[in-house]
Every structure is written in C-alpha cells, then in structure tokens.
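Reading the structure
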Amino acid sequence: MLPHGDDEEKWLAEGIAGIQHNAFYMHRALDSNDLKDALRYSVQMLSELRTSLLSPHKYYELCELGYLFDLACSECCLCRSWILMCFFSGDWEDMRAFDELRKMEMFFREETARGTISVIELYELVQHAGNILPRLYLLCTVGSVYIKSKEAPAKDVLKDLVEMCRGIQHPVRGLFLRSYLCQISRDKLPDIGSEYEGDADTVSHAIEFVIQNFTEMNKLWVRMQHQGPTREKDKREKERSQLRDLVGKNLHVLSQIEGVDLDIYKETVLPRVLEQVVNCKDELAQHYLMDCIIQVFPDEYHLQTLETLLGAFPQLQPTVDIKTVLSQLMDRLSIYAASSIEVLPEFLQVEAFSKLSNAIGKVIEAQVDMPVVGAITLYVSLLTFTLRVHPDRLDYVDQVLGACVKKLSGRAKLEDSRATKQIVALLSAPLEKYNDIVTALKLPNYPRVMDHLDNGTNKVMAVVIIQSIMKNTTCISTADKVEALFELIKGLIRDVDETQDDEIDEEDFKEEQNSVARLIHMLHNDDPEEMLKIICTVRKHIILGGPKRLPFTVPPLVFSALKLVRHLQGQDGDVIGEEISATPKKIFQILHQTIEALLSVPSPELALRLYLQCAEAANDCDLEPVAYEFFTQAFILYEEEVADSKAQVTAIHLIIGTLQRMNVFGVENRDTLTHKATGYSAKLLKKPDQCRAVYACSHLFWVDEQDGIKDGERVLLCLKRALRIANAAQQMANVTRGSSGPVVLFIEILNKYLYFFEKGNPQVTSSVLQGLIELIKTEMQTDGSSDPSADAFFASTLRYIQFQKQKGGAMGEKYDPIKI
Amino acid sequence: MGRAIGFRRRERDRRRVSAPSVLPPSISKDFGATLVCGIRWRLGFGGLLSLARLAVLLCSGVLIEISSDSAVAPIGSFRLLLPFQMVLVLAIGDLHIPHRAPDLPAKFKSMLVPGKIQHILCTGNLCIKEVHDYLKSLCPDLHIARGEYDEDARYPENKTLTIGQFKLGLCHGHQIIPWGDLDSLAMLQRQLDVDILVTGHTHQFKAYKHEAGVVINPGSATGAYSSITYDVNPSFVLMDIDGLRVVVYVYELIDGEVKVDKIDFKKTANTQSAH
C-alpha cells in the first residue's frame, strides 16, 4: 500500500515532528549528561525511521542529506544529481535523524573520553534497545566511536556491524541503514596507510567489508521491485532508480580504497562485483552498475581487465541497454588513449581493439532485437576508439566498417533517420581524422557502407567527401583512386534511381554538379600516362551521367585534357618511340568523343566553344587534320544547332577569333574555313551584327605577325562589304523609322580602315580614308537627331588621327595627307 | 600607334615586390601603419601617394592600425580625409569556375575581404552564380560584362561607368578581334569614349597607357587554362582612383607567393578637356 501525495506529506510531517520532539529531549539529556535518557530518546527518534508509509523519496528526506552525502561524497558525480534533486525537494531547515545521530556520536565520544563509560560497555548497552532499527543505527554510531577508540581492530568491528545489519530485510529501511553504515565507516576502513590499518592483510578485510555491504544492498535494492502490486511496477522502478546511488556509493568507496591495486582489483574486486551484477539478473541494476564500474574505477584498470569486464556483457539480461554502457567504456578508453602517448603501448599489449571488437560482435549477436541504430552506435564508438588509439591501423577501420556492412546486409536502404545519422557519423569520422580522402579510398568497405544510405543522404555524404577534398586541396593522383572515389560519389555522378527525378531541387542539383566539376580539377598527376588513365576513368563515369549532368561535367574534363595536351607539347623533345599512349593525337580522339556526348543533351553552344578550344590546341600541336576536323564540327553545330540570333553573333565572333589565330592550315583548308566564316557573317539576322562580323573577318586575311598571311585585297573586300551592309542598314532605317540609321557603323569601319592603314596594307590609302571621313561627316550633318555616343566616338577618332599626325616620324608622314 | 609611350609590362625578371613592401619607406614621418606581420611603415602625409599606399594596405587586409607619430598632423584629420580620397576598384575576371579551375586561390581569398572595395569591375567568365554571389559579398557595387562561358545571359556585352573623374569601360573582349590586340582594343576605347578600358579573355595581365588613356587586363584570377596564353599565373588588379591619378596594383600569384606590382597613371588635361 503506497501512499498518495497528500497523505505522504502528512506522514512526512509527522515523522519530522516526531524526530524533532524526541531530539529535543535527547538534547536535554545530552546536556545533562544523562546517558540513559539520551539513548532512550534517540531510540524513539530513530523509531520514526521504521515507517513503511513513506516512499523512498520521502524517506530520504527524513534522513539527513547533509550527513549521508557530505562534501567528499558530493564529488562523486553519481550522487550529485541525486543530492541536487533532494536539495530542491527537501527542507534543509528541519533537523533530521542522521543529523541527530552525529550529535550522538560526538556525545558518545566525549563520554568514553571522559571515562564515565567504556566504549565496549556502550557498544553492549545500545544493543538493549527494543526495536531493531534504532538499535542498529545506534550500534553503527557507537561502532564508529569504537573503531576510533582503537580498542578493538577495525576489521572486527566492521565485520560485526555488517553482519548485524542483516537484521533489517525491509528493502528501503535496509538500504538506508547500510548506506549509513557505509557513510560512517568510509574513513575508518583498515586501508593501507590508514591509522586503522592492522597487522596483516587488513586491506582484504576492508574490501571484504565494502563488497559484502554492496552485495547486501544490491540484493535489497533488487528485491524492492517485488514489493507491492504489479500495476505500480513502473512507479516502483522509478523510485528504485532514484535510490541507485545508495548502492553505487559502495563502488565509489571501493575505488577510493588505497589498497585496491591492479592485482587486487583484477583478482578479487572486479570478479566479485561482476558476479553480483550478473547474478542479480535485474535490468535496471545491471545497467546502472556496469555503468558505475566503468565510471568509478580508473581507465588503466579497465584496460588491464578488459577481457573480464567485456566477458560480463553477454551474460547480462537481454533487455539491458548494453550499447550505451559499452560506448561509454570505449569513449573513456579513447580519451584515456588520447591523454598521453605513453599509455598507447598498453593498448597494443592487451589487444584492446580485437577484444572490444569481439565483445561488440557477441553483444550484437546475442541481442537479436537490438535496433540497427544501436548496433551502428556501437560501431561508431569502436571506430572513434580505433581512430584515436590506432590511427595507423587502417585495417581496423575497415574491419569496423566491414562489421557494420555485415550487420546491414540483407536490408535495402536505411529508413530510420537516426540510424542514417549514425552512418554519416561513421563515415565522417575517418575523413575528419585523416583529413585526406585518399585514406578513405583505401577502405574497401567504405563504399559498401555508403550503399546503405538512402539516396538523399548518400548525395549529402558525397558532397561532404568532395568538400573535404576541396578544403584540404587533396590531389587524387592515380586512376585507381579516381575509380574508387567515383564509386563513392556515384550518387552524384549518375541517376541511381530513375523514379525520383522530379523531386530534385534545381538549385541543389546545380550546386552538386558544380562541386563535381570542381572535383575533376583535383584529379591530377604530372605523369602524362597516369593522367591519361585518370582522364579516361573520369570520362567513363561522367558519360553515364545523362543529359542533365553532362553540361556540368564535360567542360572541366575537356580542359583537364587540354592541360595535359599542353603539358605534352612542352615535352616534345622527350618523346620516346611509338609505344606511349599519351600522345596529343590520342587525347584529341578522346576529346572528340567526349564533346560529342554534349550533342545529345543538346548543348550546342557549349560544344561549339569546346570544339574551338580543341581546334586551337590542335593548331598548337601542329595537327592540321585534327584542327580541321574540330573546326568542321564547330561549323556543323553553328549551321544546324545554333538558332538564336544573339547566340549566333557570339558564336561567329568566337569562330572568327579562333580562326584568326590558326596558322596550321594550308591554303586550301584555310580558304574553305575563311570562306565559310565570312559567308555566315554576312548571313546574320541584324544588319549591324552582319556589318561587325564582316569587318571582323577582315582580320582573317591579315595576321599582323612575321609570316602571317597578308592579303590586302581581300581585307579591302571585307571592309567594302561591311560598308555596303552599313549603307543598307542606313537605308533600312530610313524606310522603317524615317530617320537615319546607325552612323556608328561607319565610324567603326573607319577605325578598321585606320588599323589596316597603319599596318601598311597597300590597298588602304589616305585618299580612301579621306573619303570615308567626308562620308561620315555628311551623314552626321544630315542626321537630324544626333547620337551623342556616335559624336563622341567620331570626335575621339578624329582626335586620334590628329594625334598620329602630330607624332611625326614615319607614322606622322603617313597621316599627313589626311585632312580633318 | 601609341603603345610605346606609356608604361609597358616589364619582363619576367622585373622587380617583384611582396604585398607589404608595396610601400617603400616614406619621405616624411607623419604617420605609421602597423601591418599584420608586425612591420611598421611610416607613411608620409604630404602627398596623396601615401593615401594610395594606405588604400592598398586597407584593402589587402594586412593593416592593423594607423597611428600618428607626430603632433603635426592629428590622426583625426587623416581619418576624415580617407572617405573622400580613396576609391578602390577591383578589376577581376576570367575565373572559369568550375570549368577550368576549382576555386580562387586561397591566398587571394584571404586578401579579398568585404567592405574594403568600393567597386568591382568583372570582365566575365565567372561562370556560375556561386562566384557571382561571392563577388557580390565583397562589394555590392558589382559590374560584370558577359564572357562567352557565363551562364547568366543578363550580363551586358559591354558597360561604361564613371568613378570620380574617370570614365571606365568594361568588356570581356572575345568580341574584339584579333583577341587581345591593343590597337583593336584602343578602337573599342574610342568607341566607348572611356579613360580606362578593362577587358579580359586573354588571361594575361596587361596595363598599357596610350594617348587616349589606359587599357587594363586583370588576367585570370584563378590562373585558368587559356588557348591564348601559356603558363597563366592567377592575377587581379586593384585600382586606386584618386583625382586625376590612378594607381594600379597588380596582384599576381607566382609559385605560391603573392607578388605585387604598382603602376602609376595620370590623366592628362588633354583628354579631360574633351569631355
């Protein structure tokens, strides 16, 4: 019958009142040195602790907190939370039973010191109390004085006390009594170096005492769950967990005993504690106590007893949350390993990794119902451990990943978001540790783990990998590694799953593909042979990307290959034999096929630009047929695919600009191409565009270099043609808008004339220039609505002519006939 | 034509100066500037030249503090002068990200910090929005001419703007044939009627002065592959426009080191009167 809140408060108040009442009389008796009365009232006071009406929580309040958990104890983090909780719920003003017991203890001590009564007599005397609970509390109190007096060996008194306490079998009362015993005895244990240390092997007695107390307390604690109706089991479990620190304190005391060295811990303490833990077969106790063991004992002990400790895990109840405890252990050990380099050999010596790895395997095997996320969490901890402890052992990392793959095998993609998160953590850990993707590429199981991620997360992980490469400017330098890398990021490279095409966010997709494009620049090797292999590998993968990805991935590959071409060009002299595959010719073949893929997209403008780049590179390599082929492709694209008039203007300028720079072509090829270019120029839609393209074509016939082509006649033909078009544009404007057209075209052509005049084209004479200037002047006068920008252009052109005239020398002479 | 008159780019072995040593020790001792590296430069207050130096310091992020060494010129007046005098224009372009380069060099990124530059002239070929956004974050007054690889079709073919007493023109340059030809660029300059013409496309830094003004090519900020130029070094240009004078600082990354060169131009009264 457990009480309701209100009643409980009442009972608590009554209990406190009873304690206060009896304490008052006890004090009076103490003041008057009346031992008999003092004892009587203290017994009555302690009888209040016999109540079964209070919940453990309230019972706790009845006992004095400050005494139970004094400062020394509050350093123990396990107790701290409990104390804090009680601090807020309890009333510290009240005098509590344990507080009073402290006064009794002081009194007893004074009494024995004064010699009015011997401590042995006192020890006997308190045993006459009628009720067992007060009797044992007093006995413990006197026992502590007894030990202090050193009239009997501490070990005997303690043994007596711990045996006597068996008299209380009520779980809550028993727990608190024993906790009191633990508390008063902690500074009186016959430990090494302690003043109570006896002659031979007393430490073992101290350990024996604490372990026995721990065992008994644990039994009481476990038994608590069986008291009361089943329907309140949850509540009881909650209360039980509130009391756990009373039990755990024994372990804390154990860890504080100086005498517990590694050997004793290994031989006695750990096996006995574990035995108790395993045998109690209680989920709550097992989880808490395992955690407690890991927390209170030093890391090096754990390391040395790893086998024993881990051996206990599979024996625990199947419902125990082992993963948390085990993770805790691994985290602690990895922090310990990181603390100093000197401890690392220990880890190797005890083969910590394989032991942990085995233990995890067994636990996962034993607990069939463990959710995937639990298993992966364990692997993350193990991975963190091995990365810290054995950063050089890549095989360990792979082993962990492999185990994870094994666990995941048989499942398709992971749906659980928490598990996904853990996988990402698992995959990110090596990246962060090594800051070098190349390391991760050596792990065969890495991509297999990635396969288990859902498509979205897989992509995110791939982007993380790329970002890691970019951040560390890691150069991926062999084709094998590139292959492995593309296997990793294949989620970005091609459609893994065709069904979900529509969901993709356009912006995200662009960003992803741009990051792939950036990545391609990081795949590099100075050795042409290897670089060619890399290029082929990249090509093989990106070609599968489909029309949406190609426009992003082809250009970086093309330029990467062109860089290689240029590299080879630089080494022309070193070419040995025919066997080497990395020749510009070969690369141009690959380039041709790669750019061709863009046609299916279709992305003609991009392809045209890339063809022109290749043509120019082929020109630099002196490969006329190749350059001609690329140019042909560019022209075909222009003819058939580039429809937008604005795009045509840009394209034709690029064609002319490139062609102007080509010097590899023989007369025939060159004629064909220039003829085509001029033809297309004159066929642009808008007259001004036509005019500009045509006068740009004039440069195709005059290359201002030593042995460049200098065909003054055809230059003039182009310029005249441009003039005719400008004229036509003028007339068209007159017809349609009633105003004169763009004079600016004439000024532009004048400037072109000036250019060739200066370059020494015999066809361009000063009289031709003079005529053109006059023409423009007339046009500008007839043009009613003057265009300020054309005026400025003309003015600056004239200023330029003036400048050249004044310059003197040959140039000045040349310009001299021109009048402005 | 007038290409021989003004400054010409010196050859490979020209004097290279590292970023802080842009500033030779000054004539007067009015001001000092402490740099990141702990070096303290004395800056003369007498001439505008020192302001230009400071401008570069401010921009390059190596400046920690400016302080006065003497009581003659109080620091307050100096600070007041700065906003009116110093106009920093960044000319940058042909980044070709991600087609030809993964990103801007880290050294450049650390130098280009937001809030120090008043205008950006970009010669195009960024090529993607991310780069556009990056430049915008450096300075909101961003002018871009369209390069042949830019995905954003809204960039104009060319653009003119006025900064201080200078008229600047911006064009990528692939439209000007022969590519990179100075005489042809001069024609564009006459057409746009600008004092300073900024173009790109060749991926090679150039700064020419001729009778009608200055033609600047900031090169490629990423050192991107070019069919026109071999061995491209990453470079950009910072212009300090100050009255009738413009100081051009060229930042070039050579073998992992940022080298800075300074070129001084003065606008002649002749060209000014033409406006």
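Residues numbered from 1 in each chain as written. Chains lettered and ligands numbered in written order. Predicted model: local features only at pLDDT ≥ 70, side-chain atom pairs only at ≥ 80, totals over all residues. Heavy atoms only, no water.

Filter applied, for reference: UniProt positions are given in the numbering used here, feature names are shortened, and annotations may be inferred rather than shown by experiment.
Per an unreviewed UniProt entry, chain B goes by Vacuolar protein sorting-associated protein 29 and derives from Musa troglodytarum. Under the UniProt heading Sequence similarities (unreviewed entry), the note attached to chain B is "Belongs to the VPS29 family."

Under an unreviewed UniProt entry, the name given to chain A is Vacuolar protein sorting-associated protein 35, and the source organism is Musa troglodytarum. Entered under Function (unreviewed entry) in the UniProt record, the comment concerning chain A runs "Plays a role in vesicular protein sorting."

**A word on the state of the cysteines**
To be explicit about the condition: Cysteine sulfur atoms that pair up within 2.5 Å are treated as a disulfide. We call a residue buried when its accessible area falls under 20% of the maximum for its residue type, exposed when it is over 50%, and partly exposed in between, using a 1.4 Å probe and counting protein chains only.
Scanning the entire structure with this criterion turns up zero disulfides over all chains. Lacking any disulfide linkage, A:Cys697 is separated from the closest cysteine sulfur, that of A:Cys718, by 5.6 Å. Judged by relative accessible area, A:Cys697 falls into the buried class, the value being 0%. Left without a disulfide partner, B:Cys122 is nearest to the cysteine sulfur of B:Cys127, which lies 9.8 Å away.

**Digging into the pattern of salt bridges**
Cut-off, in case you're wondering: The term salt bridge refers to a side-chain nitrogen of Lys or Arg lying within 4 Å of a carboxyl oxygen of Asp or Glu. Only DSSP runs of H or I with at least four residues qualify as helices, and only runs of E with at least two residues qualify as strands; both kinds are numbered from the N terminus onward.
One pass over the structure, following the stated rule, counts 25 salt bridges over all chains. Its salt-bridge partner being A:Glu616, residue A:Arg661 comes within 2.5 Å of it at the nearest N-O pair. With A:Arg661 in helix α35 (residues 645–661) and A:Glu616 in helix α33 (residues 604–620), this pair connects stretches of sequence that are 45 residues apart. The exposure class assigned to A:Arg661 is partly exposed, which follows from its relative accessible area of 26%. The class for A:Glu616 is buried, based on a relative accessible area of 2%. For B:Asp133, the salt bridge is made with B:Lys129, and the minimal N-O distance between the two is 3.1 Å. Placement of both B:Asp133 and B:Lys129 in helix α4 (residues 129–138) is noted, with a separation of four residues, approximately one turn of the helix. With a relative accessible area of 38%, B:Asp133 lands in the partly exposed category. Accessibility expressed as a relative area gives 47% for B:Lys129, which makes it partly exposed. Salt bridges sharing common partners tie together A:Glu163, A:Arg166, A:Glu216 and A:Lys219.

**Quick word on the packing of aromatic side chains**
All names here are of chain A. Going by this rule: Any Phe, Tyr or Trp ring, taking Trp's six-membered ring, that has another such ring centre within 6.5 Å forms a pair; planes under 30 degrees apart are called stacked, those over 60 apart edge-to-face, and the others tilted. For a ring to carry a charge above it, either NZ of a lysine or CZ of an arginine must fall within 6 Å of the ring centroid while also lying within 35 degrees of the normal to the ring plane.
This structure, assessed with the given rule, holds 21 aromatic pairs over all chains. Centroid distance Tyr-611 to Phe-630: 6.0 Å. Interplanar angle 45°. Geometry classified as tilted. Residue Tyr-611 is found in helix α33, and its partner Phe-630 is found in helix α34 (residues 624–640); the two are separated by 19 residues along the sequence. The same class applies to Tyr-611 as to Phe-630, namely buried. Each residue in the set Tyr-628, Phe-631, Phe-635, Tyr-638, Phe-665 and Tyr-680 is aromatic and connected to the rest through ring pairs, giving one cluster. Above the ring of Tyr-755, the side-chain terminus of Lys-752 is found at 5.3 Å from the ring centroid.

**Remarks on the pairing of strand β5 (residues 87–92) of chain B**
All names here are of chain B. Our working definition: Only strands that DSSP links by at least two bridges are regarded as paired with each other. The handedness rule is simple: strands pointing away from the viewer, and a clockwise path from the first strand over the helix to the second, make the crossover right-handed.
Counting buried positions along β5 gives six out of six residues, so the element sits mostly inside the fold. In β5, alternate side chains face the same way, and those of Val-87, Val-89 and Ala-91 on one face and Leu-88, Leu-90 and Ile-92 on the other are all buried. Across four bridges, the pairing between β5 and strand β6 (residues 119–122) is parallel. Residue pairing across strands places Ile-92 opposite Cys-122, the latter belonging to β6. The parallel pair β5 and β6, bridged by helix α3 (residues 106–111), forms a crossover whose chirality is right-handed.

**Side note on the UniProt feature "domain: Calcineurin-like phosphoesterase" (unreviewed entry) in chain B**
Look at the UniProt record and you will see "domain: Calcineurin-like phosphoesterase" (unreviewed entry) annotated at residues 89–242 of chain B. Across residues 89–242 of chain B, the secondary structure splits into 18% helix and 29% strand, with the terminal C-alpha atoms separated by 11 Å.

**Quick notes on the packing of helix α39 (residues 744–759) of chain A against helix α5 (residues 182–192) of chain B**
When two helices pack together, you describe them by how their axes are tilted relative to each other and by the distance separating the axes. Applicable threshold: Only the stretch in contact is used when fitting a helix axis, every axis being a line fitted to C-alpha atoms; angles between N-to-C directions are given from 0 to 180 degrees. Between 65 and 115 degrees an angle is taken as roughly perpendicular, under 35 as roughly parallel, over 145 as roughly antiparallel, and anywhere else as oblique. It is the rotation of the near helix from the far one that decides the hand of a crossing: anticlockwise by less than a right angle makes it left-handed, clockwise makes it right-handed. Two residues form a contact once any of their heavy atoms are found within 4.5 Å. Polarity classes work like this: nonpolar for Ala, Val, Leu, Ile, Met, Phe, Trp, Tyr, Cys and Pro, charged for Asp, Glu, Lys and Arg, and polar for all others, with Gly in that last group.
Their axes nearest at 11 Å, the elements α39(A) and α5(B) cross at an angle of 150°. What the angle tells us is that α39(A) and α5(B) run roughly antiparallel. The element α39(A) and its partner α5(B) pack so that their crossing is right-handed. Within the contact between the two elements, α39(A) uses A:Val744, A:Glu748, A:Asn751, A:Lys752, A:Tyr755 and A:Lys759 and α5(B) uses B:Asp183, B:Ser184, B:Met187, B:Arg190 and B:Gln191. Here the contact of α39(A) with α5(B) is composed, by residue class, of three nonpolar, three polar and five charged.

**Notes on the side chain of A:His592**
For A:His592, the position within the fold is in helix α32 (residues 584–599). For A:His592, a relative accessible area of 15% gives the class buried.

**What about α33(A)?**
All names here are of chain A. The test is simple: By definition here, a helix of n residues has an expected span of 1.5 Å times n minus one.
With 17 residues, α33 extends 24 Å between its outermost C-alpha atoms, agreeing within 8% with the 24 Å of an ideal straight helix rising 1.5 Å per residue. In terms of burial, α33 is largely enclosed, as 15 of its 17 residues are buried. Taken from the residues just after α33, Asp-622 is the one with a positive phi, measuring 65°.

**Here's the deal with the nonpolar core**
Applicable threshold: Here, the term nonpolar core denotes a set of buried Ala, Val, Leu, Ile, Met, Phe, Trp, Tyr and Cys residues that are joined through side-chain atoms within 4.5 Å.
Core analysis: the largest hydrophobic core is formed by 280 residues, its most contacted members being A:Phe108, A:Ile293, A:Ile437, A:Tyr446 and A:Phe588. Looking at this core, the element that brings in the most residues is helix α21 (residues 372–389) of chain A, giving twelve residues. Within the second largest apolar cluster, 31 residues are counted, among which are B:Met86, B:Ile128, B:Leu135 and B:Val258.

**Details of the interface of chain B and chain A**
Interface size is often expressed as the accessible area that is lost when the parts come together. Put simply, the rule reads: What counts as buried area is the accessible surface, traced by a 1.4 Å probe, that two parts surrender upon association, with contributions from both included.
Taken residue by residue, the interface counts 37 residues in chain B and 52 residues in chain A. Summed over both sides, the interface of chain B with chain A buries roughly 4000 Å², with 56% coming from carbon and sulfur. Three residues stand out in chain B for area buried against chain A, namely B:Ile177, B:Arg190 and B:Tyr225, and they jointly supply 18% of the buried area on that side. The interface formed by chain B and chain A includes three salt bridges. A salt bridge links B:Glu130 to A:Arg518, with the nearest nitrogen and oxygen atoms 3.4 Å apart. Of all the elements, α5(B) adds the most residues to the side of chain B that touches chain A, at five residues.

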